[in-house]
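# Descriptive analysis of the structure
Take a look at the letters that make up each chain.
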Amino acid sequence: MSDLAKTPLDKSATAVDAEPSAAPAAAVDPRLLVREQGFAGYWTEFLRKVRGGELGSLPVVVGLIVIALVFQFQNDKFLSASSLANIAVFTSGVGIMSVGIVFVLLLGEIDLSVGSVAGVGAAVWAVLSVNHGWGDWLSVVSAVVCGLVIGAVHGIFFAKVGVPAFVVTLAGFLGWSGLQIWLMGKEGSINTPSGSVVEDLTTHFFADKAAAYGLAFAAVLLYAGAQLLDARRRKGAGLPARPLSEILLRTGVLAVLCFVVAYFLNEPEGARGLPLALVLFLAVLVLADFVVRRTTFGRQVFAVGGNAEAARRAGINVDRVRITVFAISGMLAAFGGLFIASLSGGATKSLGGGNTLMIVIAAAVIGGTSLFGGRGKIWSALLGMLVIQSIQQGLNLEGMASEIQYMITGAVLLAAVVIDSVSRRTQKSAGRA
């Protein structure tokens, strides 16, 4: 056998065998070839994604366009400055709460307590600020920390004790509602002090035109820089990256959108400028998106939501991730409760009740976050809230009753869940689940 191993025939066979082994090194990622084909390549890739159930944010974006066109046709005031400002302000508080729900949904869980936690946060702020004379900022921070602690408690019962999140947060919904009523006392309401930080959350507008245009420019610059940096890093790692032409196109579309919104907030008659509420909401979105997409913790959230047992075997501290996620949800719920208090003129024993919980969850789902865990984006909160608030704003301009608004919002939510379910089924059949 040793003599045979030294024959020329064996050497040639070895050489022949070596040739195929070099072929995979020259393989090119199919996505790179598609992008080199120009528009036709992108269209082919788009059709492939649609057939595979990878719809992304496409349905909600199309829905927003349809909603805007329909209501603008019915009433030319829908896209006016005052209407857009109302949508931005009323979207912000509940939208911030919806960001926390997105984190929870990524785990494949649910948090039914966000409404009552928002009420407790507002009650803590009002009691400390008005009844006990604490400073504005100290009261606000205390309220937000209170929400964080409440969320962490939910997470501990879920992760460490093993109580299902549905049961834990349902119990929290009831228990924290009782605490909220107790904190508010016999009168049941505390008005927002004039000129306070909480009042400014939804009443302050940056009247200087440079504020809106400056924010638009900063958003476009930040997006372009992030895209270019990401492309550079992926090329350095030998991974497929967006070509410069695509980055420029995406940045251009975003620039048009941002500057058009800035124009409407500034220029037309009756405009009040850039709402502080919108600035804070966008800041929360950007920060949360960075955490989810650019940090180890964010990747761990997706891993746990996709398969908790596999994540545990990979060395991820599943309990810590779950506790942290519920703490984030509670913190953002309390922060959003302060916006609701600002809009309603104060804290009440019923703040966060009614349909608040349903709207918060609906916004995340309508925006594209899956109820089944492991799939979604932080920006789903913004897209979902824009859909819901646009519908409400349009129906208000038409003088429609609130029950009609509920029915339409419910139908939109059902449609979003149906699209998500069909998308997941399509992905499974295409082998992409």
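No experiment lies behind these values; they were computed from the predicted model shown. (Residues numbered from 1 in each chain as written. Predicted model: local features only at pLDDT ≥ 70, side-chain atom pairs only at ≥ 80, totals over all residues. Heavy atoms only, no water.)

## Some thoughts on the overall build of the chain
The secondary structure content of the chain amounts to 18 helices and four strands. Sorting the 433 residues of the chain into buried and exposed places 42% on the buried side. For the chain, contacts bridging at least 24 residues in sequence account for 78% of all contacts bridging at least 6. A total accessible area of about 22,200 Å² is found for the chain, and carbon and sulfur atoms account for 67% of it. (Helix = DSSP H or I, 4+ residues; strand = E, 2+ residues; numbered from the N terminus. Buried < 20%, exposed > 50% of the residue type's maximum accessible area, 1.4 Å probe, protein only. Contact = heavy atoms within 4.5 Å. Areas by Shrake-Rupley, 256 points an atom, 1.4 Å probe, with all protein chains shown as cover.)

## Concerning the nonpolar core
Among the nonpolar cores identified, the biggest contains 85 residues, and Val-99, Phe-103, Trp-125, Val-321, Val-325, Leu-338 and Ile-378 are the most heavily contacted of them. Setting aside chain neighbours within four positions, we find Phe-103 in contact with Ala-288, Val-292, Phe-297, Val-301, Val-325, Ile-328 and Ile-378. Among the nonpolar cores identified, the runner-up in size contains 13 residues, and Val-89, Ala-216, Ala-262 and Leu-274 belong to it. (Core = buried A, V, L, I, M, F, W, Y, C linked by side-chain atoms within 4.5 Å.)

## Regarding the environment of Lys-377
Within the fold, Lys-377 resides in the loop between helix H16 (356–366) and helix H17 (380–397). Using a relative accessible area of 53% as the deciding quantity, one classes Lys-377 as exposed. For Lys-377 and Ser-57, which are 320 residues apart along the polypeptide, the C-alpha to C-alpha distance reads 9.2 Å.

## Let's talk about the confidence of the model for the chain
With 84% of its residues at a pLDDT of at least 70, the chain reaches an overall mean of 84. Low pLDDT (under 50) marks residues 1–28, which in the prediction has four contacts with non-local residues, meaning those over four places away or in another chain. (pLDDT = per-residue confidence, 0-100.)

## Focus on the pattern of salt bridges
Inspection of every chain in the model, using the stated rule, returns six salt bridges. Ionic pairing is found between Arg-312 and Glu-309, a salt bridge with its closest N-O pair at 3.1 Å. Taken together, the residues span about one helical turn, with Arg-312 and Glu-309 both in helix H14 (residues 308–313) at a distance of three residues. Look at Arg-312 and you get partly exposed, because its relative accessible area is 38%. Given the relative accessible area of 37%, Glu-309 is considered partly exposed. (Salt bridge = Lys/Arg side-chain N within 4 Å of Asp/Glu carboxyl O.)

## Side note on a nonpolar patch on the surface
Together, Val-141, Val-145, Leu-148, Val-149, Val-153, Phe-157 and Val-161 give the surface a local cluster of nonpolar side chains, amounting to about 550 Å² of exposed area. Structurally, Val-153 is set in helix H7 (residues 136–161). (Patch = residues over 30% accessible without salt bridge, like charges linked within 9 Å, V, L, I, M, F, W, Y side chains within 5 Å.)

## Structural notes on the side chain of Thr-251
With respect to the secondary-structure elements, Thr-251 resides in helix H11 (residues 244–266). Classification of Thr-251 as buried rests on a relative accessible area of 12%. Look past the residues within four positions of Thr-251 in its chain and what remains in contact with it is Val-220, Tyr-223 and Ala-224.

## Let's talk about the packing of aromatic side chains
Overall, the coordinates contain five aromatic pairs when judged by the stated rule. With a centroid separation of 5.8 Å and 75° between ring planes, the pair formed by Tyr-263 and Phe-264 is classed as edge-to-face. Judged by its relative accessible area of 43%, Tyr-263 falls in the partly exposed class. Aromatic side chains Phe-335 and Phe-339 sit 5.2 Å apart centroid to centroid with 80° between the ring planes, which places their arrangement in the edge-to-face category. Placement of both Phe-335 and Phe-339 in helix H15 (residues 318–344) is noted, with a separation of four residues, approximately one turn of the helix. Across the pair, exposure class does not vary: Phe-335 and Phe-339 are buried alike. (Phe/Tyr/Trp six-rings, centres within 6.5 Å; stacked < 30°, edge-to-face > 60°.)

## Comments concerning the environment of Gln-300
Summarising the element assignment, Gln-300 is placed in helix H13 (residues 296–306). Through-space distance from the C-alpha of Gln-300 to that of Ile-316 is 6.9 Å; in sequence the pair is 16 residues apart. In this structure Gln-300 touches Ile-316, Arg-320 and Val-321, once residues within four positions along its chain are discounted.

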